[in-house]
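# Report on the structure
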Amino acid sequence: MRPAGRGGAFLPARWTLPAALLAIVLLGSTPARAGHEFPFYPSFYPQEIQIETVEPAAAAAGLTKASLHAYIGRDPFEKQAPPPSVGHLESLRSFLVVTFNPRGAAADGPSRCAAARRLHESFAPGDGHYILHPYPVTPYHADYLQHFDLAESAKREYQAPAAGRAARGQLKVGARGRLAEKLVQARSRLDPRAWDATVEEIDLDGLLPAWALGIGGWPGPPWLKEGWFHAYLLLAETLGERATKQAVDQAVQQLVTGAPESREERLTLERRLVGLLRRGCERVILGYTLRREPFSVEYSGGVENVAHDSQAGLASAIFLRTVKLKDFPWNGWLTLGIETRPVAAWNPIGGFTDAAGRLVWLAVGDPALFPEPYGGSWVPNRVRLQSPPERATSGAIAIPRAALLPEALTGALKEVGDGKSAGVKLTYRVLGSAFHDGTRTSVADIVYPYAFAFRWGAPREAGAPEHDPYLERATSLVRESLAAFRVLRVETDTLRFGDVALTYEVPVVDVYLHRGPSDAEQLASVAPPWSPLPWHVTALMEEAVRRGLGAFSAAEARRRGIPWLDPVRDSKVKARLASLVDDFEARGWVPPPLRGLVTAREARARWAALKQFYVEHRHWLVTNGPYRIHAWSPTSVVLQVFRDLSYPRGVGSFDGYAIPVRAYVAKVDVQRDRLEVSAEVERVERFGREYRIVTEPLTRKPSEQDRASAPVCRYLILGPDGTVVAAGTAPPGAAGVFTISLKGLHAGQHTIVLALALGGNHVNPHVRVIAHRVEGAR
């Protein structure tokens, strides 16, 4: 292991001396063109990232000595106090559930619900094993606010006196997992035919990867972090009643297609869905656990600016795009420990599926958008919307006849023709850059994923070499949602610094969708025109799979009895790929879907560049991300920063997420037709390498410049029957007071639930509930 944080040569790889001097002079300066997308921070990330498999005990020693900067795995200080030089970050780790045997002693809904409460009473959650929360939407979900009253009601039910309840001993209880075995006292070996209930811990890491199947630069489903979606994944498979299953499936279909016409209808449907999932108590959520991940805060050898994700923790895109070494911030070595060895194949289509692989791909690949760290939406990374989405309000949006849509099975890009329409239109600006082999992002690169999805994901005859069930599932959302796309133009943006001009090409693309979620950034994540892979790398892997050199996914590799495609570590496959590249270069081969976009001459240049990259780096995984794979072993990998002035998202782009701050409800004044909410907000004060968070009253309306980070008041109003009759967000007014209108409410008892969010931080909100009675219609 190299000494953590130690510096290397100052001049970064791939930089000329004038470029390096220019960067030194201009680092931190603001571009001359206001609002320009390219901040000109030329990838001042750590020079190298070393990811090593480390046991928890060794991780504790490494963090204490600052030879390890952060650790992803079980908390190595679980049984001991960490030294002052080690900090921790918390995120949602798992759910504790009890699943009932449909043929066991608790055979009906009421008896199952009562049995779950008895089990909880015997576990004594106050010992820190888990947090009592018998509801699937937690404070670590951005949609917790709209479920807050239901979650509190469920909690009160579990906290009620236990008089008259039978003892737990009447049930035969099994256990799965370390936590469950501690709580149930190791009854995991019970005969599966004899158990009445099984207590188990379901890790979020195990729950989501089967659904977070976004290939390449596409993210997973837009609702990946939503609590209602997690509730569905946790509980739907255990439902017993057919009518309930049908109602659940119908509700989910409405939510994922954006069917509810108003925000109030959508929130009511989400609440109803969770109620349906919980009703029969076939599986009951008892609570959740938190992941505690340590990182070094040692004064000189540690790290700072450490952002994390509320559900993924440090194994997230935001961590790798914010963390800085305190010493040698851009030419040092960041050393990360991870508990598990990398075993999944390293291909970005159906590989990188284990914890170590996902971490590597988060650094090497660059997604179009990545999950909002402390919310439920998405953060634009390499694409952004030029304007708000255009939705069909009456009728539909006409699609230009020259717009393109891939043909199923072949991926051929065909004009849609006359008479086609869509429900949503989005216009993207795409932030391209150089690939690791020196080629540059082109229109062909950003549209080829569409062709790939329709070629490899379309259902076809079982066993066909150009079909993989994993890819069918991974691309289903894109194929079902995409109505057409059209490249409008490629704009040229120029930044001038004195006599130096930097030129960037920005494709502008219209994407038409049949339907989609109501949130703009969630909608933008459905089918963005983007790929972190150049088209020639994707095509090379396609041809390898088509010729039987490997399979994209582990399941298909097992089914066909061939290797799981790994263009980085599999020496035999790499040699066969070299022969293919030689042949493709000689022929100027272009994959069929791109033959109208790429010439043979351009293809030869691409294949030649890829071959040279392989000679220099010994693998075929070229991307346009901030890091490239440099070296590897069975237990470690070294990633080297890719310094290039064309990279648009350098250090500083996401620093606003590094220290999450919160806002609190200080006072609520109930007027006849409105609520007036006063707030206290947190602010970061920095001094040297240290900082502190201070809380102060909000007394003024934030300036236009601060509007993006200004606090907002989120609220929902529940009618007498529990439906959502009003919901929205309110900005602060002139005196820093938030105003929520109560006009138009019908007579009856209403419940108002509200919380404040600051800087996009929706985690663990300070929630206020106000009872409000309306005596007559307003």
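Structure report, in brief. These numbers were taken from a predicted model, which means no experiment stands behind them.

Definitions and limits used
- Residues numbered from 1 in each chain as written.
- Predicted model: local features only at pLDDT ≥ 70, side-chain atom pairs only at ≥ 80, totals over all residues.
- Heavy atoms only, no water.
- Disulfide = S-S within 2.5 Å.
- Helix = DSSP H or I, 4+ residues; strand = E, 2+ residues; numbered from the N terminus.
- Buried < 20%, exposed > 50% of the residue type's maximum accessible area, 1.4 Å probe, protein only.
- Pairing = 2+ DSSP bridges.
- Expected span 1.5 Å × (residues − 1).
- Arc of directions from axis to C-beta.
- Salt bridge = Lys/Arg side-chain N within 4 Å of Asp/Glu carboxyl O.
- Phe/Tyr/Trp six-rings, centres within 6.5 Å; stacked < 30°, edge-to-face > 60°.
- Lys NZ or Arg CZ within 6 Å of the ring centre and 35° of its normal.
- Polar contact = N/O pair within 3.5 Å; in protein donor to acceptor, adjacent residues only side chain to side chain.
- Axes fitted to C-alpha atoms, helices over the stretch in contact; angles between N-to-C directions.
- Contact = heavy atoms within 4.5 Å.
- Left-handed = near helix turned anticlockwise from the far one by under 90°.
- Nonpolar A, V, L, I, M, F, W, Y, C, P; charged D, E, K, R; others polar.

## Some points on the state of the cysteines
Scanning the model with the defined rule gives 1 disulfide in all. What pairs with C113 in a disulfide is C281, and their sulfur atoms sit 1.9 Å apart. The sign of the S-S torsion, about 100°, decides the handedness of the disulfide formed by C113 and C281: right-handed. Of this pair, C113 sits in helix α3 (residues 109–121) while C281 sits in the loop between α9 (263–279) and β7 (283–296), placing them 168 residues apart in sequence. The exposure class assigned to C113 is buried, which follows from its relative accessible area of 17%.

## Regarding the pairing of strand β19 (residues 424–430)
Counting buried residues in β19 gives 6 out of 7 residues, a clear majority hidden from the surface. In the sheet, strand β13 (residues 383–385) pairs with β19 via 3 bridges, with the strands oriented antiparallel. Bridging across to β19, L385 finds its partner in Y428. Here 2 bridges tie strand β14 (residues 390–391) to β19, and the two strands are oriented antiparallel to one another. Bridge pairing in β19 links R391 to V424.

## Let's talk about unusual backbone geometry
Its identity is not glycine, yet F352 carries a phi of approximately 55°, on the positive side. Turning to its location among the elements, F352 is positioned in the loop between β10 (333–338) and α11 (355–364). Take F352: its relative accessible area is 4%, and that puts it in the buried class. A positive phi angle, near 80°, is found at L409, a position not held by glycine. Mapped onto the fold, L409 is located in the loop between β16 (404–406) and β17 (413–415).

## Structural notes on helix α4 (residues 148–159)
Think of an α-helix as 3.6 residues a turn; residues three or four steps apart then line up on the same face. Along its 12 residues, α4 runs 16 Å from first to last C-alpha, staying within 8% of the 16 Å computed at 1.5 Å per residue. Three or more residues of α4 are buried, namely F148, A151, A154, K155 and Y158. Buried residues in α4, looked at end-on, bunch into an arc of 130°, giving them a common side.

## Points about the pattern of salt bridges
As enumerated under the stated definition, the model contains 41 salt bridges in all. We note a salt bridge from K425 to D510, for which the minimum N-O separation is 3.7 Å. Of the two residues, K425 sits in strand β19 while D510 sits in strand β21 (residues 500–513), which places them 85 residues apart along the sequence. By relative accessible area, which is 3% here, D510 ends up buried. R460 is the partner of E466 in a salt bridge, and the nearest nitrogen-oxygen pair spans 3.8 Å. E466 gets classed as buried once you look at its relative accessible area, which sits at 16%. Three or more residues are tied together by salt bridges with common partners; here these are R176, E200, E237 and R283.

## Structural notes on the packing of aromatic side chains
Under the counting rule described, the total for this entry stands at 17 aromatic pairs. With centroids separated by 5.7 Å and ring planes inclined at 75°, the aromatic side chains of F452 and F552 adopt a geometry described as edge-to-face. Linking F452 in helix α12 (residues 443–456) with F552 in the loop between α16 (535–546) and α17 (554–560), this pair joins segments that are 100 residues apart in sequence. Taken individually, F452 and F552 each receive the classification buried, so the pair is uniform in this respect. Joined through ring pairs, the aromatic side chains of W535, F584, W589 and W607 make up one cluster. One Lys or Arg, R569, reaches over the ring of W346 and ends 4.0 Å from the middle of that ring.

## Topic: the pairing of strand β30 (residues 748–757)
On a regular strand, one side chain projects to one face of the sheet and the next to the other, so that they alternate. With 8 of 10 residues buried, β30 lies mostly within the body of the structure. Across 7 bridges, strand β27 (residues 712–718) lies against β30 in antiparallel orientation. Paired with Y715 across the two strands is L754, which belongs to β30. With 8 bridges connecting them, β30 and strand β31 (residues 767–774) associate as antiparallel partners.

## Quick word on the side chain of N101
Within the secondary structure, N101 is located in the loop between β3 (86–100) and α3. By relative accessible area, N101 is classed as buried at 7%. For N101, the side chain forms a polar contact with the main-chain oxygen of W195, separated by 2.9 Å.

## Considering the environment of A114
For A114, the position within the fold is in helix α3. Here A114 falls in the buried class, since its relative accessible area comes to 19%. The spatial distance from the C-alpha of A114 to the C-alpha of Y158 is 9.5 Å, given a sequence separation of 44 residues.

## Points about the sheet that holds β31
The strand order across the open sheet built from 4 strands is β28-β27-β30-β31, with neighbouring strands paired in antiparallel fashion. The sheet is open, and its two borders are formed by β28 (724–730) and β31, each paired with just one other strand. Strand-to-strand twist of the sheet, defined as the mean angle between neighbouring strand axes without regard to direction, takes the value 15°. Along the sheet, α9 makes contact with β27 and β28, crossing β28 at roughly 115°.

## With respect to the packing of α16 against helix α18 (residues 571–587)
Taken N-terminus to C-terminus, the directions of α16 and α18 make an angle of 115°; their axes are 11 Å apart at the nearest point. For α16 against α18, the interelement crossing comes out right-handed. Residues L540, E543 and A544 of α16 touch α18, and the partners they reach there are L577, L580, V581 and F584. When its residues are assigned to classes, the contact of α16 with α18 shows 6 nonpolar, no polar and 1 charged.

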